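# Tertiary structure, described
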Amino acid sequence: MLPRMLCAKARMNSPRVEEQYYFVEKGNDPFVAPGTPPNGTQGSPWRTSPALKGDLTQHWMGLLDDEIPLPALTIPGTHDSAAYTHNWPFVATQHLKIVGQLNAGIRYFDLRCGLRADVVEMVHGPTYLGLTLEKVLQHMYTWLFRHPTEALIVQIKEDRRSERSSVHFMNAIFDVVTMNSDRWRTANTIPTLGDLRGRIQLFRRFVGPSLLAYGMDVSEWEDNPADPFTIYTLHDVRITIQDHYKFPGAQTLPSLITKKGGNVSELLRRASNDKDRDHWYINFVSAYELNVFFQLTPHEIAVGGYWGFRWIVGMNVRLMAYLTARTPGRERFGIVAMDFPEQGTDGLVASLILTNFEPAIRSTWRSLAGCILMLVLCIALWLLLDHCAVLR
């Protein structure tokens, strides 16, 4: 059995952030708001931003037991994972390339594709990203070869109509996957971590003939719903998703981030409170605003930006604040898909990873208590034997 305890150094939040933000209750959902931290939130060793060394973020799944179902984990992910090739404000959603994301601890990848001249290319809406799906996957295969304890989830979406192609999108995807079929799990049942080590679970966000048993079917994904929705697959696998990325009316940066924060924290709470370890949760932290009144890019939503003369922190800082405010210990939050997760605050991906483990200090105390108990038993046994010898 693989070890379960993860040791990592704790790192304090930026003083600027800690001085400017505190947690408020909105319904049952605590989220960050301007002001001064309340009493009791400063100085606690568990109110810090945990940071993992690079080698641990690359191998964190190797510290977990084989029998854990994947939905029972907190899994850091990226939204529009391949949209790092252009710097155009409303196209770019990532800065790190695929290998950089993997090394940072990302294990869920949202790949948007289009078929052009019978080649599956990476796209973001109408924009081609200059990458093929085959090239992106090759990076993952190579990385998995070097990191056999890790497991990936890849969601493939048909994001635009085919152009000048003689094959169906489904067939093109099937051809790409079968070139390295040993690296894929295309079953539509729930995998354990042991089932998936060194491989990729397919989440299928496209339709086609005879696909009932090909990958986890999320083709009924709703577009921009205001509330979370649940997909029930063929084997009654439940997948609850929050993907509210655009809000009605003209939204200012403070207003949009506040509303999106409520969406994210609601599903974090639901995932944490749900005792069903086979229930998937997918929580998108991404959003944008584009109209004649306001133009708010994915980067501004994720990292933050100035509104007037005031800096508004982005979703990454607020998500980090949510995580550091919680009671330490193992807590399932599901898949959390982010834009630019390495920016805005240090250690966000690491903080998500650490929710899969008991705090190292708790494990240390348990081990110490066990040693003390064993020592007491040995002394008692020695005294008992010594007493018996005297009686003789």
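Per chain, the residues get numbers from 1 upward, laid out in the order the sequence is written. At least 70 in pLDDT is required for a residue's local features to be given in this predicted model, at least 80 for side-chain atom pairs to be given and counted, and no such filter applies to totals for whole chains, interfaces and linings, which use all residues. Where side-chain values are given, they derive from all heavy atoms of the structure, hydrogens and water being excluded.

On to the packing of helix H7 (residues 253–273) against helix H9 (residues 315–325). For any two helices packed against each other, the geometry is given by the interaxial angle and the distance between the axes. Here H7 crosses H9 at 35°, and the two axes come no closer than 11 Å. Relative to H9, H7 is oriented so that their crossing is right-handed. Between H7 and H9, the contacting residues are Ile257, Lys260, Gly261, Val264, Ser265, Leu268 and Arg269 on the first element and Met315, Arg318, Leu319 and Tyr322 on the second. Considered class by class, the residues forming the contact of H7 with H9 number six nonpolar, two polar and three charged. Axes here refer to lines fitted to C-alpha atoms; in helices the fit is confined to the stretch in contact. Angles between the N-to-C directions go from 0 to 180 degrees. Think of it this way: any DSSP run of H or I at least four residues long counts as a helix, any run of E at least two long counts as a strand, and we number them from the N terminus. Two helices cross in a left-handed way if the nearer one is turned anticlockwise from the farther one by less than a right angle. They cross in a right-handed way if the turn is clockwise. Between two residues, a contact is recorded if the distance between any of their heavy atoms is within 4.5 Å. Throughout, the ten residues Ala, Val, Leu, Ile, Met, Phe, Trp, Tyr, Cys and Pro are labelled nonpolar, Asp, Glu, Lys and Arg are labelled charged, and all others, Gly among them, are labelled polar.

It is worth spelling out the pattern of salt bridges at this point. Any Lys or Arg side-chain nitrogen located within 4 Å of an Asp or Glu carboxyl oxygen qualifies as a salt bridge. As enumerated under the stated definition, the model contains twelve salt bridges in all. The partner of aspartate 159 in a salt bridge is lysine 157, and the shortest N-O contact between them spans 2.9 Å. Any residue under 20% of the maximum accessible area for its type is buried, any over 50% is exposed, and the rest in between are partly exposed; the area is computed with a 1.4 Å probe on protein chains only. Among the residues examined, aspartate 159 registers a relative accessible area of 18% and is labelled buried. What makes lysine 157 buried here is its relative accessible area of 16%. A salt bridge links aspartate 276 to arginine 238, with the nearest nitrogen and oxygen atoms 2.6 Å apart.

By the criterion of burial, strand E6 (residues 108–116) is predominantly enclosed, with eight of the nine residues buried. A strand pair is defined by DSSP finding two or more bridges across the two strands. Inspection of the sheet shows strand E5 (residues 74–78) paired to E6 by two bridges, in the parallel sense. In the strand pairing of E6, glycine 77 is matched with tyrosine 108. Strand direction decides the pairing type here: E6 and strand E9 (residues 152–158), joined by six bridges, are parallel. Residue pairing in the sheet places leucine 111 in a bridge with isoleucine 156 of E9. Relative to strand E7 (residues 119–124), E6 runs antiparallel, the two being bridged by four bridges. In the strand pairing of E7, cysteine 113 is matched with methionine 122. What sits between the antiparallel neighbours E6 and E7 is a turn of two residues, in which alanine 117 has the positive phi angle 55°.

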